[in-house]
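Secondary and tertiary structure notes
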Amino acid sequence: MQDSYTQFISTGDSSQEEKIVEAAFADLLECYLESNHRKKVDIIRRAYDFAKEAHKGTRRRSGEPYILHPIAVARIVVEELGLGSTSICAALLHDVVEDSEYTREDIENAFGKRIADIVEGVTKISGGIFGDKASVQAENFRKLLLSMSTDIRVILVKMADRLHNMRTLGSLRPEKQYKIAGETLYVYAPLAHRLGLSKIKYELEDLAFKYEHPQKYKEIIEKVNETEEHREAIVEEFVAPVRKMLDDAGFKYEIKARVKSAYSIYNKMETKKIPFEEIYDVYAVRVIFENDDDALEKIKCWQIYTFFTEGHKLHPERLRDWISIPKANGYRALHLTAMGPEGKWIEVQIRSRKMDDIAELGYAAHWKYKDGVREEETELDTWMNTIKDILAHPEPNAMDFLDTIKLNLFSSEIYVFTPKGDLLVLPSGATVLDMAFAIHSHLGLHCMAGKISHKLVPLSHKLESGDQVEIITSETRTPTPEWMDFCHTAKAQSRIRTYLRKAQDVEIFSPEELDRIGNPTQKREEKKSLVKKILKNPFSSKKKEKRKASAHQPIDRQKVFKLYPDDKEPNYHIESCCKPLPGDDVLGFVNEDEEVVLHKVSCPIAMRLKSSYGSRLVMTEWGGSSSRFLTSVAMDGIDRLGILEDIVNLISTRLMIDIRSMNISTRQDVFHCDMSFYVDSAETVTTLCEQLMHVKGVKFAQRTS
Ligand code: MN
């Protein structure tokens, strides 16, 4: 990224600088030689020489020779990601195509296709998706990961590049810092998390946090430091008995008092609205034991677990067994939470050295445990396939199959997409309404529903990772107090609260304003009563009035009452509680207007009527024959004032079809309607559905039987 990190100053290399550069490269080589990769020093040296030549005369904004950056990235690649020579070469060359005259072809000619591919991939990411000009990513996160699958090293090298840029962010102008920090939080940290690179994830988050909220970062770090001594004393008291048992059992181990990262602390303070002092899981302990027999790894974890059960009170709901079933990103460990001194809960993570390495470095750490020389390709392939597999099947819980057994700690955040593919990171449990507010307050305040893969969902619908959500709004729609239950994020809740408070003020001070705001509510009530009316009598209200006008003959309770469902106006009513259809086993109940009301025999209300109003019962029998057949249609749409009237008018007045039953359910503004009627042909149903789709608000209508 030339405009942010590079300056062109032709000063010529002083011998002092040359020494610094050579020393950095020598350190890199040393790191590589300490690993048990194949020792391909030659190609690495060639890559270094090539990159040095390409970046000659350019400097980073900090003033240091540019080549120090690729060397540092290569070092992260070998030291922190555990990768081998191919990745090291690619890291050394990663900015060559972007920042110099050299092309991909030049690299391919000198280093072969594989390295050239990785460099090209990194260049593409830098310039495009994550590039300078694309701060709001218009790329689907999931698709992005899948598209990188040709070689996972592309993203690993890019990750190392970003990590080094974040570590040296201080030399950039503040607005650049801000932008890059935001992007890091938005894209790279979640990506690192997905890849199981938790150490890098935490570092990226903390670095980004430091630049985004310098003051808050400082405060938290100060508090963490202030409390360090006390914290260590508490932890030491807590682990003392366990240490003894570990020693007695002959374990070689290390116990680390772990501090939550500054960013996690900040996040928790923000989302839970609690002060630093109330974050209980600041206290955490990690027990790492040495183990040379894989077969005993699990047993040893559980053995150490029992050391904690002796003399400590365990939190019953916070046992996490990630050794039997590892997390999707490869994480394995046994977690427990126990009561420590001063009534503080302390989380304990039990891991073998290998588990710990994998947790910190991701699957890239596996090579350390292979006998002999590592086959980088196969290892990475296996890892990538695991990740691809998870990403390619984003059914509920597939992102984290552990959710299915209620061990849902893996992801505290979800990734959702706008229709255009913009990525949003929301806390898990976030709803459609949360997402609307996350995009823009205006969207939130007028949100009516969401649409996920062509299905309408209500405001309170919980989103899942990978969901692509369209927010449906209406200018007339505004928050009601019940909206508070539909959202999860602090942002949405505070916006709704503010809105409601304002609306209330208006009510007090201005009757005109009250009118304006009050109206939608009033309309909603009208609408509700209309729904009730239609449910009560699935024929238009006019007909009902007509029927009321004509005096009803008293019904002879001793005779069998014949039911004529096919008449233009059937001689009975259907109750909405059980909605009997012609042919169903029904009970007739004579109401005060001497009308027969039908219930299914199985209907609980009918049972009550039977016991309390036996004298009003009448025997019934289905009569009348018809060449028409019963069919049903399902509809989905956005509720609006008058929509049911329009639907009913279309069906019964314009198409002259009698509605047999109608079952409407509305959740917030989304309505679903199942209707059944007698029709003469299938064609009529098709026409009906087509016309229903033209009713404003109806999004979907289809025959269901
Ligand atoms: Mn770079």
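Because the structure is a prediction, the values reported are computed rather than measured.

The helix and strand tally for the protein chain stands at 26 helices and 22 strands. For the protein chain, the proportion of its 705 residues judged to be buried stands at 50%.

Next up on the list: helix α25 (residues 643-654). Residues of α25 that are buried include every one of I643, L644, I647, V648, L650, I651 and S652, and no others. Along the long axis of α25, the arc covered by the buried residues comes to 165 degrees, so they all point the same way. Of the exposed residues in α25, the ones pointing more than 90 degrees away from its buried face are T653 and R654. Residue M656 follows α25 closely and has a positive phi angle near 55 degrees.

Moving on to the environment of T620. Along the chain, T620 falls in strand β18 (residues 620-622). Look at T620 and you get buried, because its relative accessible area is 18%. On a C-alpha basis, the gap between T620 and V596 in space is 9.4 Å, while along the polypeptide they are 24 residues apart. Not counting residues within four places of it along the chain, the set of residues in contact with T620 comprises V560, F561, L563, V586, G588 and L598.

The subject of this paragraph is the nonpolar core. In this structure, I71, I88, L92, L93, I107 and M159 are the most contacted members of the largest nonpolar core, which totals 73 residues. Grouped together as the second largest cluster of nonpolar side chains are 26 residues, C301, I323, L334 and I346 included.

Around the manganese ion, the protein contributes the donor atoms H69 (NE2), H94 (NE2), D95 (OD) and D161 (OD), at 2.2 to 2.3 Å from the metal centre. Sequence spacing among the residues donating to the manganese ion works out to H-x24-H-D-x65-D. Taken together, the residues H94 in the loop between α5 (85-93) and α6 (96-99) and D161 in helix α10 (residues 153-167) connect sequence positions 67 residues apart. Since its relative accessible area comes to 0%, H94 is described here as buried. The buried category is assigned to D161, whose relative accessible area is 2%.

Bringing the sheet that holds strand β14 (residues 573-574) into the picture now. Taken in spatial order, the 4 strands line up as β14-β16-β15-β17 in an open sheet, and their pairing is mixed. Two strands lie at the open edges of the sheet, namely β14 and β17 (617-618), each paired on one side alone. Here strand β15 (residues 586-590) pairs with strand β16 (residues 596-600) via 5 bridges, running antiparallel. Residue pairing across strands places V586 opposite K600, the latter belonging to β16.

With the rule as written, the count across this model stands at 24 salt bridges. As a salt-bridge pair, E120 and R104 come within 2.8 Å of each other at their nearest N and O atoms. Of this pair, E120 sits in helix α8 (residues 113-127) while R104 sits in helix α7 (residues 104-111), and the two are 16 residues apart along the sequence. One network of salt bridges, in which partners are shared, links R104, E108, K113, D117 and E120.

All right, on to the packing of helix α13 (residues 214-226) against helix α15 (residues 262-272) then. The interhelical angle for the contact between α13 and α15, taken along N-to-C directions, is 105 degrees, at an axis separation of 10 Å. By the angle class used here, α13 and α15 are roughly perpendicular. From α13, K216, Y217, I220, I221 and V224 reach across to α15, where they touch A262, I265, Y266 and M269.

With that settled, the discussion passes to helix α17 (residues 353-361). Residues spaced three or four apart along an α-helix face the same direction, because each turn holds 3.6 residues. The element α17 is largely enclosed, with a buried count of 8 among its 9 residues. Those residues of α17 that fall on the buried side of the exposure criterion are K354, M355, D356, D357, I358, A359, E360 and L361. Of the surrounding elements, those touching the buried residues of α17 are α12 (198-212), β3 (253-259), β4 (283-289), α16 (297-309) and β7 (345-352).

Moving on: the confidence of the model for the protein chain. Here the protein chain averages 76 in pLDDT, and 76% of its residues register 70 or above. pLDDT under 50 marks residues 507-551. Its contacts with residues more than four places away, or in other chains, come to 36 contacts.

A few words now on the environment of Y188. Following the sequence through the fold, Y188 ends up in helix α11 (residues 174-194). For Y188, a relative accessible area of 0% corresponds to the buried category.

In space, the 3 strands of this open sheet follow the order β11-β10-β12, with antiparallel pairing throughout. A strand with exactly one partner marks an edge of an open sheet, and here the two such strands are β11 (455-457) and β12 (469-473). Within this sheet the neighbouring strands show an average axis-to-axis angle of 30 degrees, counted without direction. Here strand β10 (residues 447-452) runs beside β11; their pairing, made up of 3 bridges, is antiparallel. By the bridge assignment for β11, G450 is matched with V457.

Turning to the pairing of strand β6 (residues 334-339), a few remarks are in order. Across the 6 residues of β6, 5 count as buried, placing the element largely inside the fold. Note that strand β5 (residues 320-321) and β6 share 2 bridges and pair antiparallel. Bridge pairing links D321 to L334 in β6. Where β6 lies against β7, 6 bridges are found, and the strand directions are antiparallel. Bridge pairing in β7 places M339 opposite W345.

Conventions used here
Residues numbered from 1 in each chain as written. Predicted model: local features only at pLDDT ≥ 70, side-chain atom pairs only at ≥ 80, totals over all residues. Heavy atoms only, no water. Helix = DSSP H or I, 4+ residues; strand = E, 2+ residues; numbered from the N terminus. Buried < 20%, exposed > 50% of the residue type's maximum accessible area, 1.4 Å probe, protein only. Arc of directions from axis to C-beta. Contact = heavy atoms within 4.5 Å. Core = buried A, V, L, I, M, F, W, Y, C linked by side-chain atoms within 4.5 Å. Donors = N, O, S within 2.8 Å, 3.2 Å for Na, K, Ca; no water. Pairing = 2+ DSSP bridges. Salt bridge = Lys/Arg side-chain N within 4 Å of Asp/Glu carboxyl O. Axes fitted to C-alpha atoms, helices over the stretch in contact; angles between N-to-C directions. Parallel < 35°, antiparallel > 145°, perpendicular 65-115°, else oblique. pLDDT = per-residue confidence, 0-100.

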